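Architecture and fold: a report
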Amino acid sequence: MTDPFILCDNLVKIYKVADLEVVALQGLDLAVAAGEMLGIIGASGSGKSTLLNIVGGLDRPSAGRITVDGRDLLKLSDRDLDRYRRAEVGFVWQQTGRNLIPYLTARENVELPMTVAGAGLLAKRRRSRELLEAVGLWEHRRHRLAQLSGGQQQRLAIARAISTRPALILADEPTGELDSATGQQVLALLRRIVDEEGASVLIATHDLTVDLFADWVYHLKDGALASAL
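Residues numbered from 1 in each chain as written. Predicted model: local features only at pLDDT ≥ 70, side-chain atom pairs only at ≥ 80, totals over all residues. Heavy atoms only, no water.

1. Comments concerning the overall build of the protein
The number of helices and strands found in the protein is 7 helices and 10 strands. In terms of overall dimensions, the protein is globule-like: its C-alpha atoms have a radius of gyration of 17 Å, near the 17 Å expected for 229 residues. Projected onto its principal axes, the C-alpha coordinates of the protein cover approximately 50 × 45 × 40 Å. The buried share among the 229 residues of the protein stands at 48%. In the protein, 68% of the contacts between residues at least 6 apart in sequence involve partners at least 24 apart. (Helix = DSSP H or I, 4+ residues; strand = E, 2+ residues; numbered from the N terminus. Rg over C-alpha atoms; globule rule 2.2 N^0.38 Å. Buried < 20%, exposed > 50% of the residue type's maximum accessible area, 1.4 Å probe, protein only. Contact = heavy atoms within 4.5 Å.)

Have a look at this one:
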C-alpha cells in the first residue's frame, strides 16, 4: 500500500493569547494521497487556516506528527523548511495582496517565482505563456492588478502558485471574496491543476460547492475532523 502524500498524526496546536491558551487543533488525524484534491470546510476559528499553515511549513504544531511526501516537517531545520516552502508548496490566499505584487504585470507575477528558483528566460517565457493561456489571461499579460477583476486576480494567483510545478497547492478561502459563479470557476481551475499537473490540492473554505470538485471533503469542528461529506 502506498504511503499517504500528506499524513497528519494527532496534530495539536495551542496558541497563547495574553494569559489564555487557545487550542486551534486538538488531536487531528488526516491522510491525503498524492494527486488528490481535498476540501476542508468549517466555521471561522475551526482550525482550517492553522492546518494549512502547518502543512505548508509556515507554522509548527505544539504536538503530533506531520509528514509530506515522506518528509517529517518537524525534523527540518528552519533553512530546510524555507526551501520546502519555496520549492514544493504553492500558496493561494483569499486576499490577493498576499498572492500578487501590484506593480508587476500579470506575466511578471507568474514569472517571479521562477526567477527566484533560477529558471532561464526562455523557460520562464514558455511556462508563463502556457499558464496565462490556461487560466484565460494571456490577453491581459501586460495588465497590473488594478486592471484585473477579483476573479481574474485569483486565477492569476493560481497560475503564479503552480509556475514552479510544486507538488502541493494550499488554498485558503480562495473563493471567499468572489461571487458564486466566479468562485466555481476558480474551484474548477484548481481541479484542472490536479488532473493536468498532478499536484495535490488542499482547500480550506466556507464554500460548500467545493464538494462538486474535490475528491474528498472533510468537516473541521473545534480543531478536529468531525466528518467527511
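2. Quick word on the environment of Glu197
Summarising the element assignment, Glu197 is placed in helix H7 (residues 180-197). Note on Glu197: relative accessible area 31%, which makes it partly exposed. When neighbours within four sequence positions are excluded, Glu197 is seen to be in contact with Arg127, Glu130, Leu131, Ile162, Arg165 and Arg192. A distance of 3.1 Å separates polar atoms of two side chains, one belonging to Glu197 and the other to Arg127. (Polar contact = N/O pair within 3.5 Å; in protein donor to acceptor, adjacent residues only side chain to side chain.)

3. A word on the pattern of salt bridges
Applying the stated rule across the entire model yields 16 salt bridges. Two residues, Arg71 and Glu88, come together in a salt bridge whose shortest N-O distance is 3.0 Å. Placement of the pair is Arg71 in strand S5 (residues 71-72) and Glu88 in helix H2 (residues 78-88), with a sequence separation of 17 residues. When its relative accessible area of 25% is taken as the criterion, Arg71 is described as partly exposed. Residues participating in the shared-partner salt-bridge network are Arg127, Glu130, Arg165 and Glu197. (Salt bridge = Lys/Arg side-chain N within 4 Å of Asp/Glu carboxyl O.)

4. A short note on the side chain of Thr50
Here Thr50 shows up in helix H1 (residues 48-55). With a relative accessible area of 11%, Thr50 lands in the buried category. Ignoring anything within four residues of it in the chain, the contact list for Thr50 reads Lys13, Tyr15, Ala24 and Leu25.

5. Some words on the packing of helix H6 (residues 150-161) against H7
Where H6 contacts H7, the axes come no closer than 10 Å and their chain directions differ by 15 degrees. If you check the angle between H6 and H7, you find them roughly parallel. Relative to H7, H6 is oriented so that their crossing is right-handed. From H6, Gly151, Gln154, Arg155 and Ile158 reach across to H7, where they touch Thr182, Val186, Leu189, Leu190 and Ile193. (Axes fitted to C-alpha atoms, helices over the stretch in contact; angles between N-to-C directions. Parallel < 35°, antiparallel > 145°, perpendicular 65-115°, else oblique. Left-handed = near helix turned anticlockwise from the far one by under 90°.)

6. Quick notes on the packing of aromatic side chains
Tallied over the full model, the rule gives 1 aromatic pair. A centroid spacing of 5.4 Å and a plane angle of 5 degrees characterise the contact between Phe91 and Trp93, whose relative ring orientation is stacked. Note on Trp93: relative accessible area 10%, which makes it buried. When the ring centre of Trp93 is taken as reference, the NZ or CZ atom of Arg98 above it lies at 3.9 Å. (Phe/Tyr/Trp six-rings, centres within 6.5 Å; stacked < 30°, edge-to-face > 60°. Lys NZ or Arg CZ within 6 Å of the ring centre and 35° of its normal.)

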